[in-house]
Amino acid sequence: KKTEWPKLPNFASSGTDSHGQPTCTTSAAMCCWTKDRQAADNNGNCNRNTYSENCVDSNPGDNTDLCFVDLERGEASTGNSGDGLVAFPDDDEGAIHCHGLAWANDVDDSSARYKGNNLFFVSMYDHMYQRGYVENVPGAPMCGCVEQMPTVTRSDCTEIDATERFKITYDSTTNEIEGSIALVDINFNACQGINHRNNDLWAYMGRLFYEGKIKNTQWGEAGRIITNSDCDYAVEEALSKKALEPGYDYDVSQWTNIAGRDNFNVNGDINELQVATFGAEALRLAMTTQTANLAEAPHGIIRRMCATCDPNMKEIFYRRLTPIPAGYDLLYNILHQRNDGGGNNRWNEDFHLYSTYEDAVNDENRWLCPNNSFNYGAPFYGECSPDGQRVRDQYSIFSWSPGPRAHVGYYIAKGEEEGLVKVDTHSIRGRDHANGMALESGDGKTIYMTGHGRDIWSYDDDFNFKADDIVEADFTAVVKVGAQSTASPQSWSKSGLMVRTDLDTNSAHLSIFRTGLKWICTQGRRNKGEYSRTFGNCVENQPDANWLKIEKRLDEYTTFYGMEGADGEITWTKHTSEELVGIGDSSYVGLAVSSASYWQLETVFEDFEISQYYFPSAAPSISLAPTMLAPFTDINNLDLGRVAQSSAGSWDVTSSGSDIWGSSDSFRFVNYTVSGDVTIEMKVNAFEGDPDHNGYLYSWAKAGLMMRDTMGNNAMHYSLFVTGTQGLANQWRECTGCNSGHSRTHPDNPRPVWLQVKKVGNVFTSYFKYDEEGAGWTQFGATKTMDFGSEISVGIAVTSNSWGKVVTLSGTDFSVEENDVPARKLRA
């Protein structure tokens, strides 16, 4: 006998079919049970003869992983109101058994006509009566249309095979024929699905789709509820639709986030993988003096939480066994490197791993590693585990995407309002690197500040800025710039004091910095939107710590640097004084850090103070350097020589270096970052050898114009050089790490000579001329097509081609013309 489809809200999602019967949007229904109350049926764990021993709410046969319950889906039958989501990570919902059925859209198809029989068999007979399966998943119906059910990874499936016997009667008196079904024999069998997958609801719906019995949208909707894989993507997509995201709600009174990526990044701005973290000095101080249980673990404990890792890898505790060496950045090693930190982070020597904080404190249940060997290529956990079994791909490199694991955070056992406390900073993001954070000591005297940033230079600044309030009066700002640490030291990294009109990237500002070269430089931007400039001359050869000061009196800004004596007194030296009307009457006054690279720079500031009525002691006179200094990068170089630029626009670039040739270069590069089409030019007046070695100038010493893809020593480039004795040379490297090439050299070697290099799209061309007013530029060398990145570096490149000896390029009129931006002479 045909069983009617139930007229209940959980079995009707889209009105009625063509016969007026309630139906489901997906043409599929499913039941999910959480309890087994039937004894001695050899199914589930309620299989003893005595109910009282093991048959009160026992587990059914677990055949699926429950991903989440969307409360809004089953609202029609459950009465739940709202749009909440209940997720069950790591299969921690316990045993769940799901079983379903599907049918054709054609109401005359036997699978549709007898779907009520199939539902009765699956729900009432086979599972409740035969197996004792009961109780729904909370927030969802026990049985219903698939689109009303919780999201699971799979479901068993039953299909029907119907044999029908028809009776046909002919009435000769009325000449009428009448037909009826005399007998129906229905067999209930495991579904036969696509790809030889049987007893699988998703695979059976795939078969119905390929047979043209359901639509692709129906199979697709069911596939979003029966995931046919794991739960990770389904949960993430569901959270995203409800404007939710995965994270870790940690106890801030007990733990402090020291680093995090993706949704676990709570320090600084969310900036792709450019995350702000504790610096080396801040972490060393916090782990050894401010964390809990220092008596038991005097060198500190680090906790890792990973939302996307395997269940027993989601939470790992690292107990440090040895002091963190001075100058060693433990966190950088954990987050970005795949090694033992130069011997400073060795398993079983410097640290152990544990599953719980209590185990780490008490040094109990240490993790084991396969073959007693920690794999440093899998940072932090080394493919180790509680029982020593190898577990792969549970690490996260923060400079990778996705890492291979995303949503990862690291914590130390310290309340966020205890010890070093995070204070607000501003990421002034003129390009793509700026980020950072600042941590203030309890007495407010010391600030550990980190900063990513391309540079505080050009038309747009890129750095981390700590400024609390706008200052509207005359003031004096003072700070001591102390220890600095970074994984990637850069000559033109900058840390110091800044006065800034606003937080726009092109704001007018006046700043005094300590650079990566240990130089003191005053730089700024007179008016909003102008190009940056250096005021006065940078002062070289400074000690490991400096006092810096800025005074504002009306529109006059004066900078000082100071030395602290043994008695604590500071002797101030005036650096420069400038009238800067463009900054205005009110401004932000604070601390600035830019690493000049992808990696963050940590700077320790002490005794930062802003006072309205502080006047400096008399400043002793000093002899300033005769020229100002331009930004440059030493690429695989000895850092010999200097770069000087006069206010008249002349350039003197002195450098050592082994060569710009082969697969690796060694030279000094006065470089500027540009994008798009660009033309660079320069007049070369002289190219001279080392005065300390009788003017020695090697025949293949090189100096001139370069366009370079990156700052790697094996990067692609296209260049035009003057040489020691070989004339002009057009050279290039067409792929990273490839050998260099050149077209030919020009036999003449007169001075002066004008050089020009152009980039249009991906096409590079070089030109020269010997007469400024002559016939114009002459194309020289080879035209090359090379696929550089969106941003490249252009500028002046110099190499002596002889280690320990220097050469000097002297020239004028160096200019960069970028896209539609007017050409700019790069001078003071």
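In what follows, the structure referred to is the one given above.
Okay, so let's go over this structure. (Residues numbered from 1 in each chain as written. Predicted model: local features only at pLDDT ≥ 70, side-chain atom pairs only at ≥ 80, totals over all residues. Heavy atoms only, no water.)

## Considering the pattern of salt bridges
Should the charged atoms of two oppositely charged side chains come close, the side chains can pair. This structure, assessed with the given rule, holds 33 salt bridges. With its nearest N and O atoms 3.1 Å apart, the salt bridge here joins Arg-207 to Glu-211. A residue is classified by how much of its surface remains accessible, and Glu-211, at 40% relative accessible area, is partly exposed. A salt bridge links Asp-350 to Arg-320; the nearest nitrogen and oxygen atoms lie 3.9 Å apart. With Asp-350 in the loop between helix H9 (330-336) and strand S14 (351-354) and Arg-320 in strand S13 (residues 315-320), this residue pair connects regions lying 30 residues apart in the sequence. Through salt bridges with shared partners, one network takes in Asp-109, Glu-159, Arg-207, Glu-211 and Lys-213. (Salt bridge = Lys/Arg side-chain N within 4 Å of Asp/Glu carboxyl O. Buried < 20%, exposed > 50% of the residue type's maximum accessible area, 1.4 Å probe, protein only. Helix = DSSP H or I, 4+ residues; strand = E, 2+ residues; numbered from the N terminus.)

## Overview of the environment of Ile-177
With respect to the secondary-structure elements, Ile-177 resides in strand S10 (residues 176-190). Take Ile-177: its relative accessible area is 64%, and that puts it in the exposed class. When neighbours within four sequence positions are excluded, Ile-177 is seen to be in contact with Ile-168, Thr-169 and Tyr-170. (Contact = heavy atoms within 4.5 Å.)

## Observations regarding a nonpolar patch on the surface
A cluster of nonpolar residues, Phe-120, Met-124, Tyr-125, Met-128 and Tyr-129, forms a patch on the protein surface that exposes about 530 Å² of accessible area. Of note, Phe-120 is situated in helix H4 (residues 115-129). A relative accessible area of 48% means that Phe-120 is categorised as partly exposed. (Patch = residues over 30% accessible without salt bridge, like charges linked within 9 Å, V, L, I, M, F, W, Y side chains within 5 Å. Areas by Shrake-Rupley, 256 points an atom, 1.4 Å probe, with all protein chains shown as cover.)

## What about the sheet that holds strand S9 (residues 156-171)?
Pairing between sheet strands relies on hydrogen bonds along the backbone, with the strands arranged either parallel or antiparallel. Spatial strand order, S7-S1-S5-S9-S10: 5 strands in an open sheet with mixed pairing. Lying at the two open borders of the sheet, with one neighbouring strand each, are strand S7 (143-145) and S10. Pairs of neighbouring strands in the sheet enclose a mean axial angle of 25°, with direction left out of account. This element, H4, spans strand S1 (28-33), strand S5 (97-102), S7, S9 and S10 of the sheet and lies at about 165° to S5. Those strands touched by helix H5 (residues 201-210) are S1, S5 and S9, and its axis lies near 10° from that of S5. (Pairing = 2+ DSSP bridges. Axes fitted to C-alpha atoms, helices over the stretch in contact; angles between N-to-C directions.)

## Section: unusual backbone geometry
In this structure, Pro-402 follows Ser-401 across a cis peptide bond, with omega equal to 5°. By the secondary structure assignment, Pro-402 is in the loop between helix H10 (357-362) and strand S15 (408-412). In this structure, Pro-404 follows Gly-403 across a cis peptide bond, with omega equal to -5°. Within the secondary structure, Pro-404 sits in the loop between H10 and S15. Here the phi dihedral of Asn-801 falls at roughly 60°; this positive angle occurs in a residue that is not glycine. Among the structural elements, Asn-801 can be located in the loop between strand S45 (791-799) and strand S46 (807-818). Phi angles above zero are rare outside glycine, and Asp-813 is one such case at about 55°. Tracing the backbone shows Asp-813 in strand S46.

## Thoughts on the pairing of strand S18 (residues 435-440)
Looking along a regular strand, one sees the side chains alternate between the two faces of the sheet. Of all the 6 residues making up S18, 5 are buried; the element is thus mostly covered by neighbouring parts of the structure. With 3 bridges joining them, strand S16 (residues 421-423) and S18 adopt antiparallel strand pairing. When the bridges of S18 are listed, Val-421 appears paired with Glu-440. The antiparallel hairpin formed by S18 and strand S19 (residues 446-453) contains 5 residues in its connecting segment, where Gly-444 sits at a positive phi of about 75°.

## Comments concerning the nonpolar core
If you look at the biggest cluster of nonpolar residues, it comprises 45 residues, and the most contacted ones within it are Val-722, Leu-755, Ile-796 and Leu-809. In terms of nonpolar packing, the next biggest core, distinct from the first, is built from 44 residues, Phe-278, Leu-331, Phe-374 and Phe-398 among them. (Core = buried A, V, L, I, M, F, W, Y, C linked by side-chain atoms within 4.5 Å.)

## Some details on the environment of Leu-554
In this fold, Leu-554 is placed in the loop between strand S27 (546-553) and strand S28 (556-564). In this structure Leu-554 comes out as exposed when scored by relative accessible area, which is 64%. Each C-alpha atom of the pair Leu-554 and Val-581 lies 8.9 Å from the other, and the pair is 27 residues apart in sequence.

## Observations concerning the sheet that holds S28
One open sheet holds the 8 strands; their spatial order is S16-S18-S19-S31-S22-S27-S28-S29, and the pairing between them is antiparallel. At either margin of the open sheet sits one strand with a lone partner, and together these are S16 and strand S29 (570-579). Strand after strand, the sheet turns through a mean of 30° between neighbouring axes, direction not considered. Taken strand by strand, helix H8 (residues 280-289) contacts S18, S19, strand S22 (475-486) and strand S31 (597-611), and its axis lies near 70° from that of S31.

## Some thoughts on the packing of H5 against helix H6 (residues 216-223)
Contact pair H5 / H6: the axes reach a minimum separation of 9 Å and the direction vectors enclose 170°. It follows from the interaxial angle that H5 and H6 lie roughly antiparallel. Where H5 abuts H6, its residues Trp-202, Met-205, Gly-206, Phe-209 and Tyr-210 lie against Asn-216, Gln-218, Trp-219, Ala-222 and Gly-223. For the contact of H5 with H6, the residue count by class is 6 nonpolar, 4 polar and no charged. (Parallel < 35°, antiparallel > 145°, perpendicular 65-115°, else oblique. Nonpolar A, V, L, I, M, F, W, Y, C, P; charged D, E, K, R; others polar.)

## Points about the pairing of S27
Counted residue by residue, S27 has 7 buried out of 8 residues, so it is predominantly covered. Pairing of S22 with S27 involves 7 bridges; the strand directions are antiparallel. Its bridge partner being in S27, Val-481 is matched across the sheet by Asn-546. Sheet topology note: the S27/S28 ladder contains 7 bridges and is antiparallel. Looking across to S28, one finds that Leu-548 is bridged to Tyr-561. Counting the residues in the hairpin turn of S27 and S28 gives 2 residues, including Leu-554, whose phi is positive at 60°.

## Points about the state of the cysteines
Think of a disulfide as a covalent bridge from one cysteine sulfur atom to another cysteine sulfur atom. Within the structure shown, the criterion is met by 9 disulfides. Shown here is the disulfide that connects Cys-157 with Cys-191, its sulfur atoms set 2.0 Å apart. On the sign convention where negative means left-handed, the S-S torsion of about -60° between Cys-157 and Cys-191 marks this disulfide as left-handed. In this pair, Cys-157 sits in strand S9 while Cys-191 sits in the loop between S10 and H5, placing the two residues 34 residues apart along the sequence. For Cys-157, a relative accessible area of 0% translates into the label buried. Cys-191 gets classed as buried once you look at its relative accessible area, which sits at 0%. With its sulfur 2.1 Å from that of its partner, Cys-306 forms a disulfide with Cys-309. Because the torsion about its S-S bond is 80°, the bridge between Cys-306 and Cys-309 counts as right-handed. You'll find Cys-306 and Cys-309 in the same group, each marked buried. (Disulfide = S-S within 2.5 Å.)

## Section: the packing of aromatic side chains
If you walk through the whole model with that rule in mind, you get 37 aromatic pairs. Geometrically, the ring pair formed by Trp-457 and Tyr-531 is edge-to-face, given 6.0 Å between the ring centres and 80° between the ring planes. On the criterion of sequence distance, the pair formed by Trp-457 in the loop between S19 and strand S20 (462-466) and Tyr-531 in the loop between strand S25 (520-525) and strand S26 (533-539) is long-range, its members being 74 residues apart. Judged by its relative accessible area of 10%, Trp-457 is buried. Its relative accessible area of 15% is what places Tyr-531 among the buried residues. A network of ring pairs unites the aromatic residues Tyr-318, Trp-347, Phe-351, Phe-374, Tyr-376, Phe-380, Phe-398 and Tyr-410 as a single cluster. Between the NZ or CZ atom of Lys-758 and the centre of the ring of Tyr-767, over which it lies, the distance is 5.6 Å. (Phe/Tyr/Trp six-rings, centres within 6.5 Å; stacked < 30°, edge-to-face > 60°. Lys NZ or Arg CZ within 6 Å of the ring centre and 35° of its normal.)

## Overview of helix H7 (residues 232-241)
Three or more residues of H7 are buried, namely Ala-234, Val-235, Ala-238 and Leu-239. Viewed end-on, H7 has its buried residues packed into an arc of 130°, placing them on one side of the element. Of the residues in H7, the exposed ones pointing more than 90 degrees away from the buried face are Tyr-233, Ser-240 and Lys-241. For H7, the elements touching its buried residues are strand S3 (66-70), strand S4 (85-87) and strand S8 (151-152). Count one or two residues on from H7 and you reach Ala-243, which has phi positive near 60°. (Arc of directions from axis to C-beta.)

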